[in-house]
Amino acid sequence: MELSWESDSFKYIKLIEYYIMALRLGDIAPDFRAETTEGTINFHEWLGNGWGVLFSHPADFTPVCTTELGTVAKLKDEFAKRNVKVVALSVDGIESHHQWIKDINETQSTTVNFPIIADPDFKISGLYDMIHPNANDKFTVRSVFVIGADKKVKLIITYPASTGRNFEEILRVIDSLQLTANYSVATPANWKDGEDVVIAPAIKDEDIPAKFPKGHKRIKPYLRTTPQPNK
Ligand code: BEZ
């Protein structure tokens, strides 16, 4: 593909942004200052020593987003139990967000209890690569970023605008990530809280009994399972 700066400068900038800015697992989540429905936040300071979920929406006053924000509000205790703060983002302005929250509370029988970032100048959505121009160049896609206590990005999921997210799945991944952060384990396919977990390959057989006193199964030399350590 031949590009010329005069006619394709926007594409050049997007390409540069793509290579420089694309966030990957293990990167430090970019810090930012933002206006939200609960006041101005400095992201890293607001996260404190806990975990975070930052998730974006295509736009205010849209049906799927309305159900998503209501669902997240109802899961507040589940996120809090895991020491996770939640913050949403859409590219609409703060006044629009406040008006929309009234509709969410009314239609979803809840009270929105987390901040929604107003990002009308695309500052934060650009930083987190939430605009996918080939899907839509004006609205954010449904991005989810899980950020660990070390401020590193632990999970990135991207859904299309037409599919509402499964927040039970996001809680499930947080459970898995927090287990990995605290014990030398990973979680198998379709794992749910309370089920057996996989012992990390780096752990030697002879170290298993001391590290996993609840016992273990050695199905193959590389496949060893143990009851969930924190249950
Ligand atoms: C929604 O949130 O309902 C929605 C937003 C953009 C496109 C399609 C659906």
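Residues numbered from 1 in each chain as written. Predicted model: local features only at pLDDT ≥ 70, side-chain atom pairs only at ≥ 80, totals over all residues. Heavy atoms only, no water.

## Notes on the overall build of the chain
Thought 1: For the chain, the count of helices and strands is eight helices and 11 strands.
Thought 2: Seen along its three principal axes, the alpha-carbon backbone of the chain occupies a region of about 60 × 50 × 30 Å.
Thought 3: Residues classed as buried in the chain amount to 43% of the 231 residues present.
Thought 4: When contacts within the chain are restricted to residue pairs at least 6 apart in sequence, those whose partners lie at least 24 apart make up 64%.
Thought 5: In the structure as shown, the chain presents an accessible area of about 12500 Å², 54% of it carried by carbon and sulfur atoms. (Helix = DSSP H or I, 4+ residues; strand = E, 2+ residues; numbered from the N terminus. Buried < 20%, exposed > 50% of the residue type's maximum accessible area, 1.4 Å probe, protein only. Contact = heavy atoms within 4.5 Å. Areas by Shrake-Rupley, 256 points an atom, 1.4 Å probe, with all protein chains shown as cover.)

## Describing the packing of aromatic side chains
Thought 1: According to the stated counting rule, one finds seven aromatic pairs in the structure shown.
Thought 2: Here the aromatic rings of Phe32 and Phe43 are separated by 4.5 Å at their centres, their planes lie at 10 degrees, and the arrangement is stacked. Here Phe43 lies in helix H2 (residues 43–47) and Phe32 lies in the loop between helix H1 (5–21) and strand S1 (33–36), a separation of 11 residues in the sequence. Note on accessibility: Phe32 and Phe43 belong to one class, buried.
Thought 3: Summarising the aromatic geometry, the rings of Phe43 and Trp46 are spaced 6.3 Å apart at their centres and angled 20 degrees between planes, so their arrangement reads as stacked. With Phe43 and Trp46 both in helix H2 and three residues apart, this pair spans about one turn of that helix. Assigned by exposure class, Phe43 and Trp46 land together as buried. (Phe/Tyr/Trp six-rings, centres within 6.5 Å; stacked < 30°, edge-to-face > 60°.)

## Quick look at the side chain of His44
Thought 1: Here His44 shows up in helix H2.
Thought 2: Residue classification places His44 among the buried residues on the basis of a relative accessible area of 19%.
Thought 3: Discounting residues that sit within four places of it in the chain, His44 has contacts with Ile28, Ala29, Pro30, Asp31 and Lys151.

## A short note on the layout of surface pockets
Thought 1: When its volume is computed, the second largest pocket comes out at roughly 190 Å³.
Thought 2: Around the second largest pocket, the lining residues are Lys81, Arg82, Asp175, Gln178, Leu179, Asn182, Tyr183, Asp193, Gln228, Asn230 and Lys231.
Thought 3: The class makeup of the residues in the lining of the second largest pocket is two nonpolar, four polar and five charged. (1 Å grid on protein atoms, 1.4 Å probe; cavity = no way out; pocket = protein on both sides within 12 Å on 5 of 7 lines; lining within 4 Å. Points joined across faces, edges and corners; volume = space filled by probe spheres on them. Nonpolar A, V, L, I, M, F, W, Y, C, P; charged D, E, K, R; others polar.)

## Concerning the sheet that holds strand S9 (residues 197–199)
By definition, the strands of a sheet pair up through backbone hydrogen bonds, in either a parallel or an antiparallel sense.
Thought 1: Across the sheet, four strands lie side by side as S8-S9-S11-S10; this open sheet has antiparallel pairing. Pairing within the sheet leaves two strands with one partner each, and these edge strands are strand S8 (185–186) and strand S10 (217–220).
Thought 2: In this structure, S8 lies alongside S9, joined through two bridges in antiparallel fashion. Bridge pairing in S9 links Ala186 to Val198. (Pairing = 2+ DSSP bridges.)

## So, the packing of helix H3 (residues 63–74) against helix H5 (residues 94–108)
Describing two packed helices takes the angle between their axes plus the distance from one axis to the other.
Thought 1: As a packed pair, H3 and H5 sit with axes 9 Å apart at the nearest point and diverge in direction by 70 degrees. As far as their axial angle goes, H5 and H3 are roughly perpendicular. Contact residues: Cys65, Thr66, Thr67, Leu69, Gly70 and Lys74 in H3; Trp100, Ile104, Thr107 and Gln108 in H5.
Thought 2: Of the residues that constitute the contact of H3 with H5, the class distribution is four nonpolar, five polar and one charged. (Axes fitted to C-alpha atoms, helices over the stretch in contact; angles between N-to-C directions. Parallel < 35°, antiparallel > 145°, perpendicular 65-115°, else oblique.)

## Comments concerning the site of the ligand
Thought 1: Close to the ligand lie Pro58, Thr62, Pro63, Val64, Cys65, Arg142 and Ala161, which account for all nearby residues.
Thought 2: Separating an oxygen atom of the ligand from a backbone N or O atom of Cys65 is a distance of 3.0 Å.
Thought 3: In this structure, Arg142 approaches the ligand through a side-chain N or O atom, which is 2.9 Å from an oxygen atom.
Thought 4: When residues in the shell around the ligand are grouped by element, the largest group, three residues, is from H3.
Thought 5: Among the residues making up the shell around the ligand, the classes are represented as five nonpolar, one polar and one charged. (Near = heavy atom within 4 Å. Polar contact = N/O pair within 3.5 Å; in protein donor to acceptor, adjacent residues only side chain to side chain.)

## Re the domain arrangement of the chain
Thought 1: For the chain, the assigned domains read domain 1 (8–164) and domain 2 (183–226).
Thought 2: Centre-to-centre separation of domain 1 and domain 2, based on C-alpha positions: 34 Å. (Domains from an automatic or database assignment.)

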